[in-house]
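Next come the chains, spelled out residue by residue.
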Amino acid sequence: MQPNEITEILNRPISQELLARDLTRSKDGTPRNVPIAFACTGSEIIMCTTKNAPKLPALRDNPTVALTIDTEAHPPKILLIRGQAELNFVDGIPDEYLQATSTYEMTPEQRIEWESEVRSLHHDGMVRIVVTPTWAKLIDFETTLPSAVDDLVRHREERQRG
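Predicted model, so just to flag it, every value in this text is computed and none were measured.

Parameters and conventions
- Residues numbered from 1 in each chain as written.
- Predicted model: local features only at pLDDT ≥ 70, side-chain atom pairs only at ≥ 80, totals over all residues.
- Heavy atoms only, no water.
- Helix = DSSP H or I, 4+ residues; strand = E, 2+ residues; numbered from the N terminus.
- Buried < 20%, exposed > 50% of the residue type's maximum accessible area, 1.4 Å probe, protein only.
- Contact = heavy atoms within 4.5 Å.
- Salt bridge = Lys/Arg side-chain N within 4 Å of Asp/Glu carboxyl O.
- Pairing = 2+ DSSP bridges.
- Disulfide = S-S within 2.5 Å.

Caption draft 1: Up close: the overall build of the protein chain. Check the secondary structure of the protein chain and you find 6 helices and 7 strands. Reading the helices (α) and strands (β) of the protein chain from amino to carboxyl end gives α-α-β-β-β-β-α-β-β-α-α-β-α. Across its three principal axes, the protein chain shows a C-alpha extent of roughly 70 × 40 × 30 Å. Within the span of the protein chain, comprising 162 residues, buried residues form 36% of the whole. Put simply, 66% of the contacts in the protein chain that link residues at least 6 apart link residues at least 24 apart.

What follows is the structure, given as C-alpha cells:
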C-alpha cells in the first residue's frame, strides 16, 4: 500500500472520528489484545506504556503490529491499521500519554490526584510506542465491509442474477 493511499484512508471523516478516540488494541505477545490509550499525530499512532510491560519484549522481537480502533455502537465503525512499531524509552511522562488519557471522565481534583499518582509510578520514565502505518482499512458497514462479507454479498448477487 502506498503512503498516499494510507493517508487518504486515515483522512476520511470516519477514520478521523475513530482516531479521535482514546483506545486501540495492540497485541502483547500472547493470543489476546489489550486495550491501550493512544494519540494520533496524523502520520503516527503513539501509545505509552511502562518500562516493564510484557508487550515490549514481543515488540522488540517483532515490531510488526496490527491495531484495531472501533466503536461499540451498531453498525460498528472499524479502522484497521498495520505498521511498524518503534520503541522510545523516555524520561518523565510523555505528552502523548497525558493527551491520550485526557478524555477520562474525572473532576479537576481527581485529575490532579491521578496525574500525581502517574508521575509517582513512572518516576523513571515510560516507553513511547510509535507506530508508522504501512496499511489501513476502514470498515463502516455502509460503504465498506470486511472482505469476507463483501465476497458473500457479491456471491449472493451473482446467484440472484443467475
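Caption draft 2: Highlighting the pattern of salt bridges. Summed over all chains, the structure comprises 6 salt bridges. Residue Arg128 pairs with Glu96 through a salt bridge whose shortest N-O separation is 3.0 Å. You can see Arg128 sitting in strand S7 (residues 126-139) and its partner Glu96 sitting in helix H4 (residues 95-100), a full 32 residues away along the chain. Accessibility classification places Arg128 together with Glu96 in one group, the buried group.

Caption draft 3: Region of the structure containing unusual backbone geometry. Residue Pro75 is reached from His74 by a cis peptide bond, and omega for that bond is -5°. Mapped onto the fold, Pro75 is located in the loop between strand S5 (64-70) and strand S6 (78-90). Even without glycine at this site, Phe141 takes up a positive phi of about 60°. For Phe141, the position within the fold is in the loop between S7 and helix H6 (147-161). Under the relative-accessibility criterion, Phe141 is labelled partly exposed at 33%.

Caption draft 4: Examining the pairing of S6 more closely. Bridge count between S5 and S6: 7 bridges; the pairing is antiparallel. Counted as the bridge partner of Val65 is Gly83 from S6. As paired strands, S6 and S7 are joined by 13 bridges and run antiparallel to one another. Counted as the bridge partner of Val90 is Met126 from S7.

Caption draft 5: View of the state of the cysteines. Tallied over the entire structure, the rule returns 0 disulfides. Not part of a disulfide, Cys40 finds its nearest cysteine sulfur in Cys48, a span of 13 Å. Taking relative accessible area as the criterion, Cys40 reaches 24% and is therefore assigned partly exposed.

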